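Commentary on secondary and tertiary structure
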Amino acid sequence: GFERPSGNPNDRRELPIGRKARRESASKEGAMIRPGTSLTKQKQKQRAAAKVAPGKKAEAARPDLHEFLNNCDYVGAITLLEFERKAKEDREHLLMWLAYCYFHNGDYQKAIDTYDEAMKKEQDKHIHVYKSCCYFALTKYKEAEEEAQNAPDSSLKIRLLFHTAHQRNDESAMMAHHQALTDSREDQLALAAIQYLRSHFQEAADIYKRLLVDDREHWALNVYIAFCYYKLDYYDVSLEILQSYLTQYPHSITAVNLKACSHYQLYNGKAAEAELKVLQQASSSGNIFQEHDLLQHNLVVFRNGENAIQVLPPLLDIIPEARLNLVIYHLRTDEAQEAYNLIKDLEPAVPREYILKGVVFAALGQRSGSREHLKMAQQLFQLVGASASECDTIPGRQCMASCFFLLRQFEDVLVYLKSIKPYFSNDDDFNWNYGIACASAADYKEAKEALLQVQNDKYRAEFCYLSWLCRCYIMSGEPVMAWETYVRMDTTNESFNLLHLIANDCYKMGHFYYACKAFDVLERLDQDPEFWEGKRGAAIGVFQRAVAGKPGGEQDKLQEVVTILRSSNNPQVEYMVNRVIKKWAKENRVKLEV
């Protein structure tokens, strides 16, 4: 958040506060501490060798503080300063140096405590703004702002208040502090950080590019530009720009992590995780992934949600994406209410956030029957799908399809889904939605083909899937497939409902044999008079087809229908079988056992 003290701690060059605006020396160290991180810094593997004059016996030389700082070895610097502190050695501004090192080592609370101690010895009111930086890094934005107000006016104070105003969503305060910014590199970095945090990625990239023109060796700017292009979905461009930084600092955690994220977007989670191996190999500790919250978070993503419930909750207020990924996890585990609780107060800033919030509202609305939530979901989808920037993208067209799906305008749904179908040939979710949309638009053959492409066993076991598939079979002239689907089910309320659908749809389409079988089972399960009437009508339908010599009225089927009728106790059976069917069979020499 601020520059390392020089010989005089009051003479310090100020730098911006913010997740994106980081000082170059911090990025050289390789960890680029994020606000709120609980990162334990790794000790440097190498230590500077002691310089020994020729011909003299080697003596243990006192480590040099500035050498530790130039190598960004804050653990070494802290060790030295704490030793001097306990030995009561007289180093000028020792506590200021120690607090500075604690801050850059991620020990923000220790830095605050040390600054409090320093304030008793040094009459420097600028310490308030340095403490404010520590509070900001701990995501205690209210305390950060209150502490900064006690400091004298300075460019660092302006930048800090600029960022706390952003965290509080105070637009008027942001505008006031924005106007106080200058063209200095530090102020422009702070402005770029705000642009990035507000999802204005192109504007942030433009600022970083201008700064890079002025200082080609400010390598960290390449990382910031790569971040912007990553957020703009130009993953290959991001990788290309990032490479110039990785050439200089191949073990930078932030840069390697960004490279892994780009590989995840371009390829898959395994490819992304492979890119992180270089960090583990270079680490002197046991498991770098356990020490760095950002890596922990991204490993959950790369491994498709593994350990999400353990890793993500503590990171909700530290890493913005943690909340979104935990929402996705709850959606995958059918915990719509938990997902809603996490996202209901989120103000979407980018299309992805609008889409995710829409999905959550739709899931909760469908589960609870809430029209209000379904309407909100439809509006969120429409907002993205109709926007100028997203209307011709695949997510934009998916949003419009979802919007019309919730409005039950399935012809319009198909217009959008058909335009992106080539990109989702093996996607179960797409095939599910496309199949149901086709069936709702009475294109049953296309619907059947789409539904049969669904491979997910969980999806295929759902009643919604089975009922739509059976309807498609029946409407496509394959009632036997629908009947076999029912036969494979266990006896439950869902199997009863599916049987009801098969009975009525088969009757409607003239598949009277299977309608008769279905109504017969229904009548056995429930003595509802309607089921007898359905069975009677279907039986007469089979008999009618036998009289007309049409398929569906074959002798074996007519014989089975007679047997089914005989199983009923209804007094109408005797008349139907003996006075009608038996008489016709005798006259037409059709052998029936009645």
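Rules used in this analysis
- Residues numbered from 1 in each chain as written.
- Predicted model: local features only at pLDDT ≥ 70, side-chain atom pairs only at ≥ 80, totals over all residues.
- Heavy atoms only, no water.
- Helix = DSSP H or I, 4+ residues; strand = E, 2+ residues; numbered from the N terminus.
- Buried < 20%, exposed > 50% of the residue type's maximum accessible area, 1.4 Å probe, protein only.
- Areas by Shrake-Rupley, 256 points an atom, 1.4 Å probe, with all protein chains shown as cover.
- pLDDT = per-residue confidence, 0-100.
- Contact = heavy atoms within 4.5 Å.
- Salt bridge = Lys/Arg side-chain N within 4 Å of Asp/Glu carboxyl O.
- Expected span 1.5 Å × (residues − 1).
- Axes fitted to C-alpha atoms, helices over the stretch in contact; angles between N-to-C directions.
- Parallel < 35°, antiparallel > 145°, perpendicular 65-115°, else oblique.
- Left-handed = near helix turned anticlockwise from the far one by under 90°.
- Nonpolar A, V, L, I, M, F, W, Y, C, P; charged D, E, K, R; others polar.
- Core = buried A, V, L, I, M, F, W, Y, C linked by side-chain atoms within 4.5 Å.
- Patch = residues over 30% accessible without salt bridge, like charges linked within 9 Å, V, L, I, M, F, W, Y side chains within 5 Å.
- Lys, Arg positive; Asp, Glu negative; His and termini not counted.
- Charge placed at Lys NZ, Arg CZ, Asp CG, Glu CD.
- Phe/Tyr/Trp six-rings, centres within 6.5 Å; stacked < 30°, edge-to-face > 60°.
- Lys NZ or Arg CZ within 6 Å of the ring centre and 35° of its normal.

1. Considering the overall build of the protein
Check the secondary structure of the protein and you find 35 helices and zero strands. Every one of the 594 residues in the protein was classed for burial, and the buried ones make up 49%. In the structure as shown, the protein presents an accessible area of about 30100 Å², 48% of it carried by carbon and sulfur atoms.

2. So, the environment of Gly76
For Gly76, the location among the structural elements is in helix 3 (residues 74-86). Separated by 12 residues in the primary sequence, Gly76 and Asp64 have C-alpha atoms spaced 9.8 Å apart.

3. Some words on the environment of Phe227
Tracing the sequence through the fold places Phe227 in helix 12 (residues 220-231). Residue Phe227 is classed as buried on the basis of its relative accessible area, which comes to 17%.

4. A few points about the confidence of the model for the protein
Here the protein shows a mean pLDDT of 87. Residues at 70 or above account for 89%. Below pLDDT 50 for its whole length, residues 1-52 participates in 171 contacts with residues either more than four positions away or in separate chains.

5. Things to note about the pattern of salt bridges
A complete count under the given rule lists 26 salt bridges for this structure. Asp233 is paired through a salt bridge with Arg352; the nearest N and O atoms lie 3.9 Å apart. Of this pair, Asp233 sits in the loop between helix 12 and helix 13 (235-248) while Arg352 is found in helix 22 (residues 351-368), placing the two residues 119 residues apart along the sequence. Residue Glu273 pairs with Arg303 through a salt bridge whose shortest N-O separation is 2.6 Å. On the criterion of sequence distance, the pair formed by Glu273 in helix 15 (residues 269-275) and Arg303 in the loop between helix 18 (293-302) and helix 19 (308-311) is long-range, its members being 30 residues apart. Arg303 sits in the partly exposed class, given a relative accessible area of 35%.

6. A short note on helix 12
If you check helix 12, its first and last C-alpha atoms are 17 Å apart, about what 12 residues at 1.5 Å a residue would give, namely 16 Å. By the criterion of burial, helix 12 is predominantly enclosed, with 11 of the 12 residues buried. Along helix 12, the residues classified as buried are Ala220, Leu221, Asn222, Val223, Tyr224, Ile225, Ala226, Phe227, Cys228, Tyr229 and Tyr230. Asp233 lies just past helix 12 and shows a positive phi near 70°.

7. Let's talk about the packing of helix 7 (residues 141-149) against helix 8 (residues 155-167)
Helix 8 packs onto helix 7 with a crossing angle of 150° between their chain directions and a minimal axis gap of 10 Å. As summarised for this structure, helix 7 and helix 8 are arranged roughly antiparallel, according to the angle between their axes. The hand of the helix 7/helix 8 crossing is left-handed. Seen from helix 7, the contacting residues are Tyr141, Ala144, Glu145, Ala148 and Gln149; seen from helix 8, they are Lys157, Leu160, Leu161, Thr164, Ala165 and Gln167. Class assignment for the residues of the contact of helix 7 with helix 8 results in six nonpolar, three polar and two charged.

8. Notes on helix 22
Across its 18 residues, helix 22 extends 26 Å between first and last C-alpha, which sits within 8% of the 26 Å expected from 1.5 Å per residue. Burial in helix 22 covers these residues: Glu353, Leu356, Lys357, Gly358, Val360, Phe361, Ala362, Leu364 and Gly365. The elements touched by buried residues of helix 22 are helix 20 (320-332), helix 21 (336-343) and helix 23 (371-385). Phi turns positive, to about 75°, at Gly369, one or two residues after helix 22.

9. Observations regarding the nonpolar core
Among the nonpolar cores identified, the biggest contains 64 residues, and Leu417, Ile502, Leu558 and Leu565 are the most heavily contacted of them. Broken down by element, the residue count for this core peaks at eight residues, all from helix 32 (residues 512-525). Non-local contacts of Leu417, meaning those with residues more than four positions away in its chain, are made with Ala401, Phe430, Asn433, Tyr434 and Ala437. Counting 48 residues, the second-largest nonpolar core is a separate cluster that includes Ala205, Leu211, Tyr229 and Tyr245.

10. With respect to a negative patch on the surface
A cluster of acidic residues, Glu411, Asp412, Asp443 and Glu449, forms a negative patch at the surface. Along the polypeptide, Asp443 turns up in the loop between helix 26 (428-440) and helix 27 (444-452).

11. What about the packing of aromatic side chains?
For the structure shown, the criterion picks out 24 aromatic pairs. An angle of 90° between the planes, with centres 5.5 Å apart, marks the rings of Phe543 and Trp584 as edge-to-face. Of the two residues, Phe543 is situated in helix 33 (residues 529-548) and Trp584 in helix 35 (residues 572-587); the sequence distance between them amounts to 41 residues. Overall, the relative accessible area of 10% leaves Phe543 in the buried class. Aromatic rings pair up to connect Tyr196, Phe201 and Phe227 into one cluster. The ring of Tyr513 has Lys557 sitting right over it, with the charged end atom 5.2 Å from the ring centre.

12. Let's talk about the environment of Asn431
Along the chain, Asn431 falls in helix 26. Accessibility expressed as a relative area gives 3% for Asn431, which makes it buried. Each C-alpha atom, one on Asn431 and one on Gln453, is 6.7 Å from the other, the two residues being 22 residues apart in sequence. Beyond its immediate stretch of four places on either side in the chain, Asn431 contacts Phe424, Ser425, Asn426, Ala450, Leu451, Gln453 and Val454.

13. Focus: the side chain of Asp187
Residue placement: Asp187 occurs in helix 10 (residues 185-197). When its relative accessible area of 3% is taken as the criterion, Asp187 is described as buried. Not counting the four nearest positions on each side in its chain, Asp187 is found in contact with Ser155, Arg159, Leu181 and Thr182.

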